Amino acid sequence: MGRSRFPDYLNEMAERRLSVGIVMDPIGSITTKKDSSFAMLLEAERRGADLHYFEQSDLRLVAGEARGRSRRLTVRDNSTDWFDFGEQQDVRLGDIDVVLMRKDPPFDMEYVYTTYILERAALAGCLVVNEPRALRDMNEKAYTAWFPQYTPLTLITRSMDDLRAFTAEHRRIVVKPLDGMGGKSIFVVNKGDNNANVIYETLTDHGSQFAMAQVFIPEITEEGDKRILLIDGEPVPYALARIPPPDDNRGNLVMGASGRGQPLSDRDLEICEQVGPVLRDAGVIFAGIDVIGDYLTEVNVTSPTGIRELDREFDLNIAGLMFDAIVGALG
């Protein structure tokens, strides 16, 4: 692992039997070959953990106590038959060793309310991955502002006039909402584009909500949008470069981009050395950062993906590294 602090994941470590909860979207709707939450569940199953499955609707607060309707879960690496539910029971979330918060965006108020419940669980003794306050504070688009020396020139505004001026000055920009994922509502706008006004009206809801604009980075066309995974502040040594298809500008696999694994560059490592410790100190055990060319464009702490693709290409066990970090955090 080069400069990593991780032990070799191929050497089995002494493991305690864990109780592991997961909050996620319906497990029956996932695509197992590329779902990082599923990779985490497979690793938990491999380690003999007791698995508790929750959707957001299963969680509640009662007199300040975080509780949930748990369904016991077993999983297997089978693309057509990958899970079974066992008994349902009402549990105190604080009694579970670790809860993985893996609900996909949009990052709306329902997501925020869920983090309040999980924060009460953490105060009762559960390790929540990632730390609920960090989930609230680190919007994947806006949090790049904490690392301006590594980001492309970025504007966050509600003003359509600001967006028009930014386009006029920089000629080609990327505009996107602050709460989206998977390439949703991401636009590349060129100076003189007659669709620019309607794009800005749509993204800002006529000036009533914030949107982000960044200077376009041309390297995305050939080199892709690199997803780099960090575990407890340390980077996995390979990135998943997501190359846009010829008829699209977006480096998102769900939008047709192709994935290509590659070693981290010196610039990638430099960015990780700055971002990783900040995330680790905030209680973020598993994160994904996006780098285009030499620039940091997003910091994803909600439900980063890329595990299964990198595992297959480089014979890794990234979820195993994550659980090593979790066991270390539990002491």
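This one's a predicted model, so the numbers in the text were calculated from it and none came from an experiment.

**Observations regarding a negative patch on the surface**
Among the surface-exposed residues, Glu 219, Glu 222, Glu 223 and Asp 294 lie close enough to one another that they form a single negatively charged patch. Turning to its location among the elements, Glu 219 is positioned in the loop between strand E11 (211-215) and helix H6 (220-223).

**As for the packing of aromatic side chains**
On inspection of all chains with the given rule, the structure shows 7 aromatic pairs. On the basis of an interplanar angle of 50° and a centroid distance of 6.0 Å, the ring pair of Trp 82 and Phe 83 is categorised as tilted. The exposure class of Trp 82 is buried, given its relative accessible area of 12%. Centroid distance Phe 83 to Phe 85: 5.1 Å. Interplanar angle 65°. Geometry classified as edge-to-face. Ring pairing ties together the aromatic residues Tyr 53, Trp 82, Phe 83 and Phe 85, which thus form one cluster. Positioned over the ring face of Phe 85 is Arg 71, at 4.6 Å from the centre of the ring.

**Looking at the confidence of the model for the protein**
Scored by pLDDT, the protein comes out at a mean of 92, with 91% of its residues at no less than 70. Within the model, the stretch residues 1-14 combines pLDDT values under 50 with 23 contacts to residues more than four positions away or in other chains.

**Some remarks on a nonpolar patch on the surface**
Taken together, the side chains of Met 109, Tyr 113 and Tyr 116 make up a nonpolar region of the molecular surface, amounting to roughly 320 Å² of accessible area. With respect to the helices and strands, the residue Tyr 113 is situated in helix H2 (residues 109-123). With a relative accessible area of 42%, Tyr 113 lands in the partly exposed category.

**Some words on the pattern of salt bridges**
Summed over the entire model, instances satisfying the criterion amount to 28 salt bridges. A salt bridge links Arg 308 to Asp 77; the nearest nitrogen and oxygen atoms lie 3.0 Å apart. In this pair, Arg 308 is assigned in helix H8 (residues 307-314) and Asp 77 in the loop between strand E4 (65-75) and strand E5 (83-92), connecting sequence segments 231 residues apart. The salt bridge involving Glu 298 is made with Lys 176; its shortest N-O contact spans 3.2 Å. Residue Glu 298 is located in strand E17 (residues 295-300), and its partner Lys 176 is located in strand E9 (residues 172-177); the two are separated by 122 residues in the primary sequence. The residues Glu 298 and Lys 176 share a single accessibility class, namely buried.

**Description of the sheet that holds E11**
Spatially, 4 strands are ordered E8-E11-E9-E10 in an open sheet, and the strand pairing comes out antiparallel. Of all the strands in the sheet, just strand E8 (154-157) and strand E10 (187-190) have a single pairing partner and so form its edges. Along the sheet, successive strands turn relative to each other by an average axial angle of 25°, direction set aside. As paired strands, E9 and E10 are joined by 4 bridges and run antiparallel to one another. Of the residues in E10, the one forming a bridge with Arg 172 is Asn 190.

**Description of unusual backbone geometry**
A cis amide bond links Pro 105 to the next residue, Pro 106, at an omega of 25°. Tracing the backbone through its elements, the reader meets Pro 106 in the loop between strand E6 (98-101) and H2. Geometrically, the link from Val 129 to Asn 130 is a cis peptide bond, its omega value of 5° lying close to zero. For Asn 130, the location among the structural elements is in the loop between strand E7 (127-129) and helix H3 (132-137). The backbone phi angle of Ala 63 is positive, close to 50°, even though this residue is not glycine. Looking at the secondary structure, you find Ala 63 in the loop between strand E3 (59-62) and E4.

**Describing the packing of helix H4 (residues 160-170) against helix H5 (residues 196-204)**
Orientation of H4 relative to H5, taken along the N-to-C sense of each, is 135°, at an axis distance of 10 Å. With respect to their mutual orientation, H4 and H5 come out oblique. As H4 packs across H5, the resulting crossing turns out to be right-handed. Of H5, the residues touching H4 (which contributes Met 160, Leu 163, Arg 164 and Thr 167) are Asn 197, Tyr 200, Glu 201 and Thr 204. A per-class count over the contact of H4 with H5 returns 3 nonpolar, 3 polar and 2 charged.

**Description of H5**
Taken residue by residue, H5 has Ala 196, Ile 199, Tyr 200, Leu 203 and Thr 204 as its buried positions. One side of H5 holds all its buried residues, which, seen down the axis, span an arc of 110°. Residues of H5 that are buried sit in contact with E8, H4, E9, E10 and E11. Following H5 by one or two positions, Asp 205 adopts a phi angle in the positive range, close to 50°.

**Things to note about helix H9 (residues 318-330)**
Over its 13 residues, H9 runs 19 Å from end to end, which matches the ideal 18 Å to within 8%, given 1.5 Å per residue. Where burial is concerned, most of H9 is hidden: 10 out of the 13 residues are buried. Every buried residue of H9 is listed here: Ile 318, Ala 319, Gly 320, Leu 321, Met 322, Phe 323, Asp 324, Ala 325, Ile 326 and Val 327. Where H9 ends, the next residue or the one after it, Gly 331, has phi of about 75°, a positive value.

Criteria and thresholds
- Residues numbered from 1 in each chain as written.
- Predicted model: local features only at pLDDT ≥ 70, side-chain atom pairs only at ≥ 80, totals over all residues.
- Heavy atoms only, no water.
- Patch = residues over 30% accessible without salt bridge, like charges linked within 9 Å, V, L, I, M, F, W, Y side chains within 5 Å.
- Areas by Shrake-Rupley, 256 points an atom, 1.4 Å probe, with all protein chains shown as cover.
- Salt bridge = Lys/Arg side-chain N within 4 Å of Asp/Glu carboxyl O.
- Lys, Arg positive; Asp, Glu negative; His and termini not counted.
- Charge placed at Lys NZ, Arg CZ, Asp CG, Glu CD.
- Helix = DSSP H or I, 4+ residues; strand = E, 2+ residues; numbered from the N terminus.
- Phe/Tyr/Trp six-rings, centres within 6.5 Å; stacked < 30°, edge-to-face > 60°.
- Buried < 20%, exposed > 50% of the residue type's maximum accessible area, 1.4 Å probe, protein only.
- Lys NZ or Arg CZ within 6 Å of the ring centre and 35° of its normal.
- pLDDT = per-residue confidence, 0-100.
- Contact = heavy atoms within 4.5 Å.
- Pairing = 2+ DSSP bridges.
- Axes fitted to C-alpha atoms, helices over the stretch in contact; angles between N-to-C directions.
- Parallel < 35°, antiparallel > 145°, perpendicular 65-115°, else oblique.
- Left-handed = near helix turned anticlockwise from the far one by under 90°.
- Nonpolar A, V, L, I, M, F, W, Y, C, P; charged D, E, K, R; others polar.
- Arc of directions from axis to C-beta.
- Expected span 1.5 Å × (residues − 1).

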